[in-house]
Amino acid sequence: MTLSFTLTRNERLAEVSTREAVLTDPGFGKHFTDHMVSIDWTIDEGWHGHRVEAYGPLQMDPASAVLHYGQEIFEGMKAYRRADGSVWTFRPDQNARRMQRSAERLALPQLPEADFVEAVRQLVQIDEAWVPSGGENSLYLRPFMIANEVFLGVRAAQTVRFMVIASPAGPYFAGGVRPVSIWLSREYNRAGRGGTGAAKCGGNYAASLLPTQQAVANGCAQVLFLNEEGTDLEELGGMNVVLVRSDGTLITPDSDSILDGVTRNSLLQLAEDAGHRVERRPVTLAEWRDGVADGTVTEAFACGTAAVLTPIAALKSPEETIGDPDAPAGPVALALRKQLTDIQYGRAEDPHGWMVQLTEAR
Ligand SMILES: *Cc1c(COP(=O)(O)O)cnc(C)c1O
């Protein structure tokens, strides 16, 4: 069955010159394409009203549940233009399924995978001209779901909207990949046992903003959170963390309260393909500290869709600095980063069939 989306074209498309100016220097998350996708859900009708329409402000009742109780989830993915002009995306099934898991935790309805992937396809096809080319440019895709029932009672909303918007994105590292220092948050946790840490929800991000401000005030790019006990690594505000050992083993936290990143899973798969051992298990802060001191932990990196892979030079806290803030990027991290981006931009073979084509070559 082909899902059918109603199309109402934007009659006031951005001027070509405006679009070209945006695509020359897109930045991140500042400019949006001409259209957006919406699908509504009600408890009586289920999912309905699949449509593509002009991008623009939503009319929202001030009593909409999401504005009060934060019943919201989102995804982040990208569309990549290849040298032949065609546009592809990366493992959309993984994002669709993760959104279903997030929905379950936030008591939101589960959107079928086919609807999710088709929504993304519809938006990229109609706004294909907004997909930048060259370098590490991409069109960032933001699917999200909000509780828009007009009701202040505290219970799961019975009226929900799923949407997809798109925003051209420039390279995360404009001047080449540069390792960062990250700040160890001792005061705050991102999530706790039984909480929403494994769901991609706005509330987790709201909780990470203050610790991130502290990280920036301490000269760091991002914050690293530990588990409730303050012993084990969890993840950054919006990226997973991986350590590399001198014997080539990659280790990454296994925890119920971290977000299961598609980028991390993919990088670890490529690492296994290349003969690295991969361990998913609790990873203590002491293991990082001692490993750097005795030379058995040689690299650390953060990973997520936006930046792909960011080498971590040092982990700072008021008590100590683990690593050398001026250290260059490690070879394992750089090789994995190149391998994954080469697959995403169609410059290398795609051995796992991760890429999904959205538009034809031109
Ligand atoms: C989105 C996200 C990640 C990275 O997931 P990807 O699927 O790789 O983009 C990691 N941690 C958190 C908290 C996130 O929200």
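Throughout, a residue's number is its position along its own chain's written sequence, starting from 1. Local features in this predicted model are restricted to residues whose pLDDT is 70 or higher, and side-chain atom pairs enter the listing and the counts only when it is 80 or higher, whereas totals over whole chains, interfaces and linings include all residues. Derived side-chain values reflect all non-hydrogen atoms in the structure, with water molecules and hydrogen atoms excluded from consideration.

As annotated in an unreviewed UniProt entry, the chain is branched-chain-amino-acid transaminase from Agrococcus baldri. What the UniProt record of the chain gives under Sequence similarities (unreviewed entry) is the line "Belongs to the class-IV pyridoxal-phosphate-dependent aminotransferase family." If you open the UniProt record of the chain and go to Cofactor (unreviewed entry), you find "pyridoxal 5'-phosphate". UniProt positions are given in the numbering used here, feature names are shortened, and annotations may be inferred rather than shown by experiment.

Q: In this structure, what is going on with the pattern of salt bridges? I would like to understand it.
A: Side-chain pairing between opposite charges can occur once the charged atoms of the two side chains come close. Salt bridges are defined as contacts in which a side-chain nitrogen from Lys or Arg sits within 4 Å of a carboxyl oxygen from Asp or Glu. All told, the structure shown has 23 salt bridges when counted by the stated rule. Residues D40 and R51 are paired through a salt bridge, measuring 2.9 Å at the closest nitrogen-oxygen approach. With D40 in strand β2 (residues 35–42) and R51 in strand β3 (residues 46–54), this residue pair connects regions lying eleven residues apart in the sequence. Here the two residues D40 and R51 agree in accessibility, since each one is buried. As a salt-bridge pair, E279 and R281 come within 2.7 Å of each other at their nearest N and O atoms. A relative accessible area of 18% places E279 in the buried class. The buried label applies to any residue whose accessible area, calculated with a 1.4 Å probe on protein chains only, is under 20% of its type's maximum; exposed applies above 50%, and partly exposed to all values in between. For R281, a relative accessible area of 24% corresponds to the partly exposed category. Each member of the salt-bridge network shares a partner with another, and the members are D40, R51, E53 and R161. In DSSP terms, a helix is any run of H or I states spanning at least four residues, a strand is any run of E spanning at least two, and both are numbered starting from the N terminus.

Q: Sorry, what's going on with the site of the ligand here?
A: For this description, a residue counts as near a given molecule or strand if any of its non-hydrogen atoms is within 4 Å of it. In the vicinity of the ligand, 15 residues are found, and the nearest of them are K200, Y205, E235, T263 and T305. Side-chain polar atom of Y205 to an oxygen atom of the ligand: 2.4 Å apart, as the coordinates give it. By the criterion applied in these results, polar contacts are pairs of N or O atoms within 3.5 Å in which, for protein atoms, one can donate a hydrogen and the other can accept it, and in which residues neighboring in sequence qualify only through two side-chain atoms. Backbone polar atom of V262 to an oxygen atom of the ligand: 2.8 Å apart, as the coordinates give it. Within the complex, the protein chains bury 97% of what would otherwise be the 380 Å² of accessible surface of the ligand. Lining residues are defined by having an atom within 4 Å of a point belonging to a cavity or pocket. Those points lie on a 1 Å grid over the protein atoms alone, cavities being sets where a 1.4 Å probe fits but cannot get out and pockets being open sets with protein on both sides within 12 Å along at least five of seven lines. Throughout, a molecule is located in a cavity or pocket provided that more than half of its atoms lie within 2 Å of its grid points. Placement of the ligand is best described as lying within the largest pocket. Calculation of accessible area relied on Shrake-Rupley with a 1.4 Å probe; when residues are assessed, cover is drawn exclusively from the protein chains displayed.

Q: Would you mind showing me how to read the nonpolar core here?
A: Inside soluble globular proteins, nonpolar side chains tend to come together where they are buried. With 46 residues, the main nonpolar core has F116, V124, M145 and F162 as its most contacted residues. In this description, contact between two residues means that some pair of their heavy atoms is separated by no more than 4.5 Å. Residues contacting F162, with those up to four places away along its chain left out, are V37, S38, I39, W47, M99, L111, F116, A119, P143, F144 and M145. Side-chain atoms within 4.5 Å link the members of a nonpolar core, which is a set of buried Ala, Val, Leu, Ile, Met, Phe, Trp, Tyr and Cys residues. Counting residues in each nonpolar core, the second largest holds 24 residues, with V308, L309, A333 and I343 among its members.

Q: I keep staring at empty space enclosed by the protein and nothing clicks. Help me out?
A: Remark: the empty space left among the atoms is shown by a probe the size of a water molecule rolled over them. Grid points are joined across faces, edges and corners, and a volume is the space filled by probe spheres set on the points. Tallied over the full model, the rule gives three cavities of 30 Å³ or more. Approximately 100 Å³ is the volume found for the largest cavity. G76, M77, K78, Y80, F90, N95, V262, T263, G304, T305, V308 and Q344 together form the lining of the largest cavity. When residues of the lining of the largest cavity are assigned to their parent elements, the largest contribution, three residues, is made by strand β5 (residues 77–81). Looking at the lining of the largest cavity residue by residue, the classes come out as five nonpolar, six polar and one charged. Here the lining of the largest cavity spans two domains, and each of domain 1 (6–169) and domain 2 (180–344) adds at least three residues to it. Lining of the second largest cavity is provided by A65, E149, F151, G153, R155, A156 and A157. Note that Gly is not counted as nonpolar here; it falls among the polar residues with everything else outside the nonpolar set of Ala, Val, Leu, Ile, Met, Phe, Trp, Tyr, Cys and Pro and the charged set of Asp, Glu, Lys and Arg. Along the lines of polarity and charge, the residues of the lining of the second largest cavity split into four nonpolar, one polar and two charged. Note: domain ranges come from an automatic or database domain assignment.

Q: Mind showing me how you'd approach a nonpolar patch on the surface here?
A: A grouping of L58, M60 and L67 is seen on the molecular surface, where their side chains present a nonpolar patch of about 240 Å² in accessible area. For L58, the location among the structural elements is in the loop between β3 and α2 (65–69). Here, patches come from residues exposed beyond 30% relative accessible area and free of salt bridges, joined within 9 Å for like charges and within 5 Å for nonpolar side chains (Val, Leu, Ile, Met, Phe, Trp, Tyr).

Q: Any chance you could explain the pairing of strand β11 (residues 233–236) here in plain terms?
A: The side chains of a regular strand alternate, residue by residue, between the two faces of the sheet. As paired strands, strand β10 (residues 222–226) and β11 are joined by two bridges and run antiparallel to one another. What sits directly across from L224, in β11, is L236. Pairs of strands are assigned from DSSP output, requiring at least two bridges between the strands. Adjacent in sequence and paired antiparallel, β10 and β11 are bridged by six residues, among which G230 carries a positive phi angle near 80 degrees.

Q: Looking at this structure, I do not really get the environment of V131. What am I missing?
A: One can find V131 in the loop between α4 (113–126) and β7 (138–147). Residue classification places V131 among the buried residues on the basis of a relative accessible area of 2%. Through-space distance from the C-alpha of V131 to that of S167 is 8.7 Å; in sequence the pair is 36 residues apart. In this view, V131 contacts A79, Y80, R81, V87, V124 and L139; residues no more than four positions away in its chain are not counted.

Q: Before we go on, may I ask you to explain the side chain of R19 in this structure?
A: The residue R19 is located in helix α1 (residues 16–24) in this model. Given the relative accessible area of 15%, R19 is considered buried.

Q: Teacher, can you tell me more about α1 here?
A: Every α-helix winds through 3.6 residues per turn, so residues three or four apart in the chain are directed the same way. Of the residues making up α1, those classed as buried are R19, V22 and L23. Summarising the axial view, the buried residues of α1 lie within an arc of 95 degrees, below the 170-degree limit, and thus occupy one face. Opposite the packed face of α1, turned more than 90 degrees from it, sit the exposed residues S17 and T24. Where α1 is buried, its residues meet β8 (159–169). Comment: arc refers to directions from the helix axis out to C-beta atoms.

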